[in-house]
Amino acid sequence: IGGAFVILIAGSAVTQLTLSRATPEQDASVAAGNYAGVLKKMGRLAEAGAVLKDALKIDPSDAPTVRKLADIYLELQQYASAVEFYRKIESLPVYQRDVNQNLALCYLALDHPAAARESILKSIAAAPDQANLHFILAEIEYKLGHLDSCRAELLTALKLNPAYDKARAALDALGRPK
């Protein structure tokens, strides 16, 4: 199939995929990923997830497919499943910051702030200049009852991005140290 065109019809959407000169497993992953993308755009997240799970039966180590499936579980608010798949690709450097950020958000939603803190600290280590990561850590610190650390992270977020209104509002709501 390498180099061939494949037409996929999903409901009323039609997309054309160009497959690379790669292994059949890689071509299958690309096709599944693109088809899942079409389903996702149509709002059919559960079906997109099923397509990606099937693709992982062919190549369970395909990081982009695992990542797409984890992201779909996150959108579906199926946090435990999202954690399972983010953990599978957590060690890959290309995904480390985003995966750990999303793991932190899942753990927060599952009310596991200590695990959330561990994950977001890995994201911050990979990208210390991202204000949003410090904001998430501030949220976690607040949930843990560490108000001084929460304030410090909000101040860091504002230092990195002075226009970060959400961080400014959170700092104002938190008030001054007592």
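Residues numbered from 1 in each chain as written. Predicted model: local features only at pLDDT ≥ 70, side-chain atom pairs only at ≥ 80, totals over all residues. Heavy atoms only, no water.

A. Structural detail: the packing of helix α2 (residues 45-58) against helix α3 (residues 63-75). Their axes nearest at 9 Å, the elements α2 and α3 cross at an angle of 150°. Overall, the two elements α2 and α3 adopt an arrangement that is roughly antiparallel. Crossing of α2 over α3 shows left-handed handedness. Contacts from L45, A48, G49, L52, K53, A55 and L56 in α2 reach T65, V66, K68, L69, I72, Y73 and E75 in α3. Partitioning the contact of α2 with α3 into residue classes produces nine nonpolar, two polar and three charged. (Axes fitted to C-alpha atoms, helices over the stretch in contact; angles between N-to-C directions. Helix = DSSP H or I, 4+ residues; strand = E, 2+ residues; numbered from the N terminus. Parallel < 35°, antiparallel > 145°, perpendicular 65-115°, else oblique. Left-handed = near helix turned anticlockwise from the far one by under 90°. Contact = heavy atoms within 4.5 Å. Nonpolar A, V, L, I, M, F, W, Y, C, P; charged D, E, K, R; others polar.)

B. Highlighting the confidence of the model for the protein chain. Across the protein chain, the average pLDDT comes to 82, with 80% of residues at 70 or higher. Of all the helices and strands in the protein chain, strand β1 (residues 5-10) carries the lowest mean pLDDT, 38, while helix α8 (residues 147-160) carries the highest, 96. Scored below 50 in pLDDT, residues 1-22 shows 49 contacts in the model against residues more than four places distant or in partner chains. (pLDDT = per-residue confidence, 0-100.)

C. Just the nonpolar core, in detail. Counting 35 residues, the largest nonpolar core has F85, Y86, I120 and I140 as its most contacted members. Of all the secondary-structure elements, those providing two or more residues to this core are α1 (24-41), α2, α3, α4 (79-89), α5 (96-109), α6 (113-126) and α7 (131-143). Here this core takes seven residues from α3, the largest share from any one element. When sequence neighbours within four positions are dropped, the list of residues in contact with I140 reads A104, L108, P113, A116, R117 and I120. Membership of the second largest hydrophobic core comes to eleven residues, among which are A131, C150, L158 and Y164. (Core = buried A, V, L, I, M, F, W, Y, C linked by side-chain atoms within 4.5 Å. Buried < 20%, exposed > 50% of the residue type's maximum accessible area, 1.4 Å probe, protein only.)

D. Region of the structure containing the environment of L69. Among the structural elements, L69 can be located in helix α3. Exposure remark for L69: the relative accessible area of 0% places this residue in the buried category. Between the alpha carbons of L69 and L52 there is a distance of 6.1 Å; along the sequence they are 17 residues apart. When residues no more than four places from it in sequence are discounted, the contact partners of L69 are G49, L52, K53, L56 and F85.

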